[in-house]
Amino acid sequence: MRSVSFVNRLELKVPGNVLAHALCLGDVDNDGGNELAVGNVSGSLMVFKGLSSRHPVCTAEGLGLITCMGVGDIFRRNQNHLVCVNAEGQLYAFDVKLPAKTSGIEKDGEKPPVIQPMFQQRLPPNTRVLLLANLGEDDPCTLVLGFTDRMVRAYRWNDAAQSPSPVEDGNFVQMDAWTFDGQVGSLSVTQSGQAQPLLVVSQPGGQYVTLDCRHWLNRHKTESFSTENQTVPSSVYTLVQSKHHPEAPTEVVGNLRRTGSSGPTDLVALATLNGSIKLLSNNSVQWQLHVGHQLFSLTKMDVTVRLSFLLKYPPLSLCLSLCL
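Bear in mind the structure is a predicted one, so any value in this text is a computation, not a measurement.

A. Spatial organisation of the sheet that holds strand 11 (residues 151–158). Read from one edge of the open sheet, four strands run 9-10-11-12, paired in antiparallel fashion. Each end of this open sheet is capped by a strand with a single partner; those strands are strand 9 (127–133) and strand 12 (171–179). When strand polarity is set aside, the average angle formed by the axes of neighbouring strands in this sheet is 25°. In this sheet, strand 12 lies alongside strand 11 in antiparallel orientation, the contact comprising eight bridges. When the bridges of strand 12 are listed, methionine 151 appears paired with threonine 179.

The structure is reproduced here in structure tokens:
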């Protein structure tokens, strides 16, 4: 196990309250580097770039209560876009263009440039979490949303006309939907034993569900999208249980790599609010730890060349590097 020091850090001041899934790291402007995007409950979106400035390089306003955000090729055009969804179900997509050299607004009181959404669409309300995932070889990006009514819905971009501009003729079509017994905590992707991508949905009490989405992915490789019939049979799922505190909120992360592996494996890491951390492979516990703090967030990062995952809990941050 290796330890990482977080003494040297960059602190950013963001006005208003920010929900857990309303911030993300990603290549927003397609320059090869990652930017930090943050949205608050007042409808303000901010994009931060580089380490030399604590001010946003661009903002957007009037977006409603932002609940979740993501960055990815949602229009299937080999170009990333910034996506945010508010509590009313309104989805906004931004085509962010930033100068090659920019360090944000250096002086307090100066306002950064305001960006406008290049596409928006009304989806079901009460969105909780967003995932932009690659669920197949011919599937560059699927939009997966988790809702507070214990539902998860998967969408894909429908652009039958293949117009030069994705906003001229197209929309997101629902491909599948699932209802769960417990509140949806987080969404991720892992690999099956046959190296097939599986959608992972966390459930309270240290549980998660794996969803096999290949049936509708294969169906639409050759068929065109249909907006008239958007309902397809639900995917086969497997519930993996690890009950200690049945109601404890759970976070899950997949697509972890073993040391020496050429790609993602079936490893899944999960953390519960009561302080339980587990690493599972093929639905069996490979490693576990219990800490005396609440764990409210779970993500992965490569801090020592080997893939790691970062666990954050108040008032400290803990980074574990797993050598498997």
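B. Geometry of the side chain of threonine 59. The topology assignment puts threonine 59 in strand 4 (residues 58–60). When its relative accessible area of 9% is taken as the criterion, threonine 59 is described as buried. Apart from residues lying up to four places away in sequence, threonine 59 is in contact with Leu45, Met46, Pro112, Pro113, Val114 and Ile115.

C. A look at the sheet that holds strand 17 (residues 250–253). Read from one edge to the other, the open sheet built from four strands follows the order 17-18-19-20, with strand pairing classed as antiparallel. In the strand order of this sheet, the two ends are held by strand 17 and strand 20 (284–290), each with one partner. The mean inter-strand angle of the sheet, taken between neighbouring strand axes irrespective of direction, is 20°.

D. Inspection of the nonpolar core at higher detail. Core analysis: the largest hydrophobic core is formed by 20 residues, its most contacted members being Leu45, Leu63, Met69, Leu82, Cys84, Phe94 and Val96. Sort the elements by how many residues they give to this core and strand 5 (residues 66–72) lands first, with three residues. In this view, methionine 69 contacts His21, Ala22, Leu23, Cys24, Ala37, Val38, Gly39, Leu45, Leu82, Val83, Cys84 and Leu130; residues no more than four positions away in its chain are not counted. Residues Cys68, Ile74, Leu91 and Leu143 belong to the second largest nonpolar core, which totals 18 residues.

E. Representation of the packing of aromatic side chains. Inspection of every chain in the model, using the stated rule, returns six aromatic pairs. Aromatic pair phenylalanine 75 and tryptophan 157: ring centres 4.7 Å apart, planes at 80°, arrangement edge-to-face. Of this pair, phenylalanine 75 sits in the loop between strand 5 and strand 6 (81–86) while tryptophan 157 sits in strand 11, and the two are 82 residues apart along the sequence. Here the two residues phenylalanine 75 and tryptophan 157 agree in accessibility, since each one is buried. Ring centres of phenylalanine 119 and phenylalanine 172 lie 5.9 Å apart, and the angle between their planes is 70°; on these two criteria the pair is classed as edge-to-face. Of the two residues, phenylalanine 119 is situated in strand 8 (residues 119–122) and phenylalanine 172 in strand 12; the sequence distance between them amounts to 53 residues. The pair formed by phenylalanine 119 and phenylalanine 172 is uniform in burial state, with each residue classed as buried.

Quick notes on the rules
Residues numbered from 1 in each chain as written. Predicted model: local features only at pLDDT ≥ 70, side-chain atom pairs only at ≥ 80, totals over all residues. Heavy atoms only, no water. Pairing = 2+ DSSP bridges. Helix = DSSP H or I, 4+ residues; strand = E, 2+ residues; numbered from the N terminus. Axes fitted to C-alpha atoms, helices over the stretch in contact; angles between N-to-C directions. Buried < 20%, exposed > 50% of the residue type's maximum accessible area, 1.4 Å probe, protein only. Contact = heavy atoms within 4.5 Å. Core = buried A, V, L, I, M, F, W, Y, C linked by side-chain atoms within 4.5 Å. Phe/Tyr/Trp six-rings, centres within 6.5 Å; stacked < 30°, edge-to-face > 60°.

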